[in-house]
Amino acid sequence: MSLQEFMNGRQHEMEAIVIGASAGGVSALLAILSPLPRNMRIPIIVVLHVAEDKQSKLAEVFAHNLAPPVVFAQDKAFVVPGTVYFAVPGYHLSIEKGRWFSLSREEPRYFSRPSIDYLMMSAADAYGSALLGILLTGASEDGAEGMACIASSGGFTVVQDPDEAEFSIMPQAAIDLFTPQQILSLQQIRTLVFLLETVNVG
Amino acid sequence: MPKTKDATVDIELPLLMEAIYRRYNYDFRSYSMASQKRRVLHALRQLNCASISELQARILHEPEFFSRLLQYLTIPTTEMFRDPEYFLALREKVVPFLKTYPSLKIWVAGCSTGEELYSLAIVLKEEGLLSRTLLYATDINPAVLEKARKGIFPSNRIRTYATNYRAAGGKYSFSDYFTAAYDAAILDRSLCENVTFADHSLATDNVFSETQFVSCRNVMIYFNHDLQERALRLFHESLCHRGFLGLGSKENIEFSEVGSLFEPLDKPWRIYRKK
């Protein structure tokens, strides 16, 4: 499929990508992010559920395997295009309307902090229709409401096909809640993200 | 359409913050809005209001109702000796300096229900400093200040606190600091003797004393850049020459102008020193 077909001509609008993943998420994310070049176009902000009590090396692990800059999203830092951001464990991550990150220690949601829903809801407020939301494998219901929120703010939503996801609960919960624009295989999501990050959408 | 509803929320939310400020002088206008919005929407459901406008009308006319809303707008801290390595770093890198002062003043800004405050008090006691220290514990929320003043914690939390305490370099048996009473653990009152609790807002109030150490952990993450800047200026003004500032482990002062007036003493655990 071409980018045009993937996104029904909406690719020109996109200014950021948010991705939520839980169980099975590391390999799914590596599959999607590893083809990306050093100079990609728009920022990718990721919430991956991991145990809160572990000092996570997530960003380092991904930084070793990916070409674009990979960092933890820091409180009050402005979102920089072409960067892959991970949420730090133990805090919720939001994007403010001025397009900077804020952390918070509110209660965990679906036993998770960071919450995929919280990131996506705030990103939907900050980016409106210029946002692509992607929800991957997971054994939690986190992300469904956030994705629905992106959709209702006019953004574009892609859910991994539950039939091929390592854990189907998370993508299925989203599909049960609303109708995403696309339900794609991991391979297709990989192609979509690559095209969106590299093609000159002028 | 949900989109219209969201657009309405975007109008109502700043109006609510303005109403709160004008009516009660609590300034949430410069808080980071994403989490503030979540908390207000959560409060709406808990307080049975159909819209933020309805909530606004009620808080304007019913002070008691505002007190209830306030409990949703502030985030309570979670545990004693959270990030044990921070307290270990304090013992190893800050306490030796503090010992050189004949008397000490320490400000715990945004003390919430007191977990951070009493963790510090225990460190000071074990280092022989508590008797010559005056601790100022401030917060904007009178309800949490009252809880902090009482020093009563749920006993099911004590085991976690004790694990943290040991990892933080605690020298004794943590349970010695508490008296058990049913399902509560009452803090040793000697830890509270030198504490002054006060209603103080980093958004609207000024400096009230010179201090050697300011602890303000996971408070400024809820502020926008301007309010963080204001708070840091207050701390800078309050701190004595080469005084110490302790922040939460994921806090970031790089994006503020005042940040350059502090130098890191322990970078990973966010302990700074006034330049």
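Throughout this description, residue numbers start from 1 for each chain and increase along the sequence as written. Written order determines the labels here, with chains lettered from A and ligands numbered from 1. Totals for whole chains, interfaces and linings use every residue, but because this is a predicted model, local features are given only for residues with pLDDT of at least 70 and side-chain atom pairs only at 80 or more, for both listing and counting.

Looking at the overall build of chain A
Assigned secondary structure in chain A consists of seven helices and nine strands. When we talk radius of gyration, it's over C-alpha atoms, and the globule rule is simply 2.2 Å times the number of residues to the 0.38. In terms of overall size, chain A behaves like a compact globule, its C-alpha atoms giving a radius of gyration of 15 Å where 202 residues would be expected to give roughly 17 Å. Counted over contacts in chain A with a minimum sequence separation of 6, partners at least 24 positions apart contribute 73%. Only DSSP runs of H or I with at least four residues qualify as helices, and only runs of E with at least two residues qualify as strands; both kinds are numbered from the N terminus onward. The contact rule is simple: place each C-beta atom from the backbone, and if two of them lie within 7 Å, those residues are in contact.

Details of the overall build of chain B
Each helix and strand in chain B was counted, giving nine helices and ten strands. Here the C-alpha coordinates of chain B stretch approximately 60 × 50 × 30 Å along the principal axes. Using C-beta atoms placed from the backbone, we call a residue buried if 20 or more other C-beta atoms fall within 10 Å of its own, exposed if 12 or fewer do, and partly exposed for counts in between. Each of the 275 residues in chain B was classed as buried or not, and the buried ones make up 40%. The contacts of chain B with a sequence gap of at least 6 include a subset with a gap of at least 24, amounting to 76%.

Comments concerning the interface of chain A and chain B
If you look at the interface, chain A gives 21 residues, while chain B gives 18 residues. Ten residue types, Ala, Val, Leu, Ile, Met, Phe, Trp, Tyr, Cys and Pro, are classed as nonpolar, four, Asp, Glu, Lys and Arg, as charged, and the remainder, Gly among them, as polar. For the side of chain A that touches chain B, a count of residues per class yields six nonpolar, eight polar and seven charged.

Focus on unusual backbone geometry
Residues and elements named next belong to chain A. Geometrically, the link from Arg113 to Pro114 is a cis peptide bond, its omega value of 15 degrees lying close to zero. Along the chain, the position of Pro114 falls in the loop between β6 (101-104) and α4 (116-127). Residues other than glycine seldom take positive phi values, yet Lys76 does so here, at roughly 70 degrees. By secondary structure assignment, the location of Lys76 is in the loop between β3 (70-72) and β4 (84-86).

Examining the environment of Ser260 of chain B
Summarising the element assignment, Ser260 of chain B is placed in the loop between β8 (239-247) and β9 (262-266). Residues Ser260 of chain B and Lys274 of chain B, spaced 14 residues apart in sequence, show a C-alpha to C-alpha distance of 9.4 Å.

Examining the nonpolar core
In this description, a nonpolar core means buried residues of the types Ala, Val, Leu, Ile, Met, Phe, Trp, Tyr and Cys, linked to one another by C-beta atoms lying within 7 Å. Core analysis: the largest hydrophobic core is formed by 138 residues, its most contacted members being Ile45, Val46, Leu119, Met120 and Ala123 of chain A together with Val108 and Leu117 of chain B. With nine residues, the single largest contributor to this core is α4 of chain A. The residues contacting Val108 of chain B, other than those within four sequence positions of it, are Glu116, Leu117, Leu120, Leu135, Tyr136, Ala137 and Ser215 of chain B.

Let's talk about the domain arrangement of chain B
The domain boundaries assigned to chain B delineate domain 1 (2-73) and domain 2 (84-274). Taken together, the residues of the side of domain 1 of chain B that touches domain 2 of chain B sort by class into three nonpolar, five polar and one charged. Domain start and stop positions are those given by an automatic or database domain assignment.

Here's the deal with helix α6 (residues 115-126) of chain B
Residue and element names in this part refer to chain B. In this analysis, the expected span of each helix is defined as 1.5 Å times one less than the number of residues it contains. Over its twelve residues, α6 runs 17 Å from end to end, which matches the ideal 16 Å to within 8%, given 1.5 Å per residue. For α6, the buried fraction is high: ten of the twelve residues fall into the buried class. Within α6, burial applies to Glu115, Glu116, Leu117, Tyr118, Ser119, Leu120, Ala121, Ile122, Val123 and Leu124. Remark: Gly128 follows α6 within two positions and exhibits a positive phi of approximately 75 degrees.

Some remarks on the pairing of β6 of chain A
Residues and elements named next belong to chain A. Here β6 shows no split at all, with Phe101 and Leu103 on one side and Ser102 and Ser104 on the other all buried. The pairing criterion is simple: DSSP has to find at least two bridges between the two strands. Judged from the four bridges that link them, strand β5 (residues 92-95) and β6 form a sheet pairing that is antiparallel. Bridged to His92 within β6 is Ser104. Linking β5 back to β6 in an antiparallel pair, the connection comprises five residues, with Arg99 at a positive phi of about 60 degrees.

Looking at the packing of α4 of chain A against helix α5 (residues 144-152) of chain A
All names here are of chain A. The interhelical angle for the contact between α4 and α5, taken along N-to-C directions, is 10 degrees, at an axis separation of 7 Å. Considering their axes alone, α4 and α5 lie roughly parallel with respect to each other. Every residue of α5 that contacts α4 at Ile116, Asp117, Leu119, Met120, Met121 and Ala124 is listed here: Glu145, Gly146, Met147, Cys149 and Ile150. The class makeup of the residues in the contact of α4 with α5 is eight nonpolar, one polar and two charged. Axis lines are fitted through C-alpha atoms, for helices just across the contact stretch, and the angle between N-to-C directions can take any value from 0 to 180 degrees. For classification purposes, an angle smaller than 35 degrees is called roughly parallel, one larger than 145 roughly antiparallel, one from 65 to 115 roughly perpendicular, and anything else oblique.

Structural notes on the sheet that holds strand β4 (residues 178-181) of chain B
Residues and elements named next belong to chain B. Taking strand neighbours across the sheet as the criterion, the three strands line up as β3-β5-β4 in an open arrangement whose pairing is antiparallel. Every interior strand has two partners, whereas the edge strands, β3 (152-154) and β4, have only one. For this sheet, the mean angle separating the axes of adjacent strands, direction not counted, is 30 degrees. In this sheet, strand β5 (residues 184-187) lies alongside β4 in antiparallel orientation, the contact comprising four bridges. Bridge pairing in β5 places Phe178 opposite Leu187.

Notes on the packing of helix α3 (residues 52-61) of chain B against helix α4 (residues 63-73) of chain B
All names here are of chain B. It is the contact of α3 with α4, at a shortest axis distance of 5 Å, that shows an interaxial angle of 125 degrees. When the axis of α3 is compared with that of α4, the two are oblique. Read as a crossing pair, α3 and α4 show a hand that is left-handed. Judged by residue contacts, Leu55, Arg58 and Ile59 of α3 engage Phe65, Phe66 and Leu69 from α4. Across the contact of α3 with α4, the residue classes break down as five nonpolar, no polar and one charged. Each crossing is labelled by how the near helix is turned from the far one, with a counterclockwise turn of less than a right angle marking it left-handed and a clockwise turn marking it right-handed.

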